[in-house]
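Notes for the structure review
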Amino acid sequence: MPLIAVHVIKGHDEAYLTTLLDTIHEAMVEAFEVPDTDRYQLLSQHEPFEIRALDTGLGYTRGPNLTIIRIISKARPESAKQRLYELVADRLATALGISGDDIIISLVENSDADWSFGRGRAQFLTGEL
């Protein structure tokens, strides 16, 4: 936990996609101070016509490296969220040359009762985690 869904436009090779997921995970581990083994990621690739991501009037230019990241997590301090956004943008720019204009992150919060990691149990509630 957190659960991260990453959406990109088709056309990137496996090495790019692996670096993308690894980089996002590393930023999340640092910003949210979660264990490295706390990794749950989904990757979806879309045809260009399947994604519409305008600039919300901010003047951003979206390109073929558009990356939309949805994170489902327990509540985090605003400072940790802002740190995550900065780390993801900085590290994806360095690792893959992705422009900050092409990175959209949305964080959805939930609580301990909203997670089961298997065996039909709510491990945060049972004390297993």
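Preceding this section is the structure that the text describes.
Residues numbered from 1 in each chain as written. Predicted model: local features only at pLDDT ≥ 70, side-chain atom pairs only at ≥ 80, totals over all residues. Heavy atoms only, no water.

A word on helix 1 (residues 14-32). The terminal C-alpha atoms of helix 1, which comprises 19 residues, lie 27 Å apart, in line with the 27 Å expected from a rise of 1.5 Å per residue. Buried residues of helix 1: Tyr16, Leu17, Leu20, Leu21, Thr23, Ile24, His25, Ala27, Met28, Val29, Ala31 and Phe32, and no others. Elements in contact with the buried residues of helix 1: strand 1 (3-9), strand 2 (40-46), strand 3 (67-74), helix 2 (78-96) and strand 4 (103-110). Between the side-chain oxygen at the start of helix 1 and the backbone nitrogen of Ala15 there is a gap of 3.3 Å, and the oxygen is on Asp13. (Helix = DSSP H or I, 4+ residues; strand = E, 2+ residues; numbered from the N terminus. Expected span 1.5 Å × (residues − 1). Buried < 20%, exposed > 50% of the residue type's maximum accessible area, 1.4 Å probe, protein only. Contact = heavy atoms within 4.5 Å. Polar contact = N/O pair within 3.5 Å; in protein donor to acceptor, adjacent residues only side chain to side chain.)

Once that is clear, we can look at unusual backbone geometry. What is expected of a backbone is that most residues other than glycine have negative phi and most peptide bonds are trans. For Glu33, which is not glycine, the phi dihedral falls at a positive 55°. Relative to the helices and strands, Glu33 resides in the loop between helix 1 and strand 2. A positive phi angle is found at Thr56, which is not glycine, with a value near 55°. Relative to the assigned elements, Thr56 resides in the loop between strand 2 and strand 3. Judged by its relative accessible area of 71%, Thr56 is exposed.

Attention now goes to the environment of Tyr60. Looking at the secondary structure, you find Tyr60 in the loop between strand 2 and strand 3. Taking the C-alpha atoms as reference points, Tyr60 and Tyr85, 25 residues apart in sequence, are found 16 Å from one another. Once you skip the residues sitting within four places of it in the chain, Tyr60 turns out to touch Asp55 and Asp101.

With that settled, consider the side chain of Ser73. Tracing the backbone through its elements, the reader meets Ser73 in strand 3. Ser73 gets classed as buried once you look at its relative accessible area, which sits at 0%. A polar atom in the side chain of Ser73 sits 2.9 Å from the side chain of Arg76. Not counting the four nearest positions on each side in its chain, Ser73 is found in contact with Met1, Pro2, Phe32, Val108, Glu109, Asn110 and Trp115.

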